[in-house]
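Remarks on the overall topology
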Amino acid sequence: MYDIVFLDRDTVVAEVGRPRCPHRWQDYPQTRPEEVLPRLAGAHIAVVNKVELRAATLAQLPDLKLIAISATGSNNVDLDWCRQHGVAVCNVRGYAATTVPEHALMLMLSLRRQLLAYRSDIAAGRWQQAPGFCFFDHPIRDLAGSTLVIVGSGSLGLGVARLAAAFGMQVLRAERKGAPTVRPGH
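About the cut-offs
Residues numbered from 1 in each chain as written. Predicted model: local features only at pLDDT ≥ 70, side-chain atom pairs only at ≥ 80, totals over all residues. Heavy atoms only, no water. Phe/Tyr/Trp six-rings, centres within 6.5 Å; stacked < 30°, edge-to-face > 60°. Helix = DSSP H or I, 4+ residues; strand = E, 2+ residues; numbered from the N terminus. Buried < 20%, exposed > 50% of the residue type's maximum accessible area, 1.4 Å probe, protein only. Lys NZ or Arg CZ within 6 Å of the ring centre and 35° of its normal.

By the definition in use, this model includes two aromatic pairs. When the centroid spacing of 5.4 Å and the interplanar angle of 50° are considered together, the rings of tyrosine 118 and phenylalanine 135 count as tilted. Here phenylalanine 135 lies in the loop between helix H6 (126–129) and strand S6 (147–151) and tyrosine 118 lies in helix H5 (residues 115–123), a separation of 17 residues in the sequence. By relative accessible area, which is 12% here, tyrosine 118 ends up buried. Taken together, a centroid distance of 6.2 Å and an interplanar angle of 70° make the contact between tryptophan 127 and phenylalanine 135 edge-to-face. What links up through ring pairs into an aromatic cluster is the set Tyr118, Trp127 and Phe135. Over the ring of phenylalanine 135 we find arginine 126, and its NZ or CZ is 4.5 Å from the ring centre.

Fair warning: the whole summary comes from geometry, so function is off the table for now.
Shown next as structure tokens:
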């Protein structure tokens, strides 16, 4: 029987699959830092999204065998400590592999086309006041021909690179600090 505790259930708007093995499941909508230890006491599996699990906390949870991160990132968990102490850590692979790259390109387009500046001017009546109902107060630039640097080669970075290339952008890759080589894109 596994004791599974999801510390910040309200941060995930999705159905969360439950394991087929015998288990007891406990959801908490949110968890403050001072609530982490009492809630995870005796737990075998912790499910987290934003809650931080650092070495000082993890050292006090001897029953913990797995941390399941309900997101793509893992910076909220002390991975080195987990590796050294045999606590497995997994996260969501391929999460939002279409949504996040599309959102990134939408933000780039918004910035290059000065969407917020023009929206503000139109809301203030600038369009109606302009001769010929046309004004060019903010420079509009294309994405095509621009250079985009992407750090990392995960599914999100690769998705952004694919869309950026389709828009005619030059895509450069960088790696995290200390990486010996830059991984190729797929």
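After that view of the structure, there is still more to cover.
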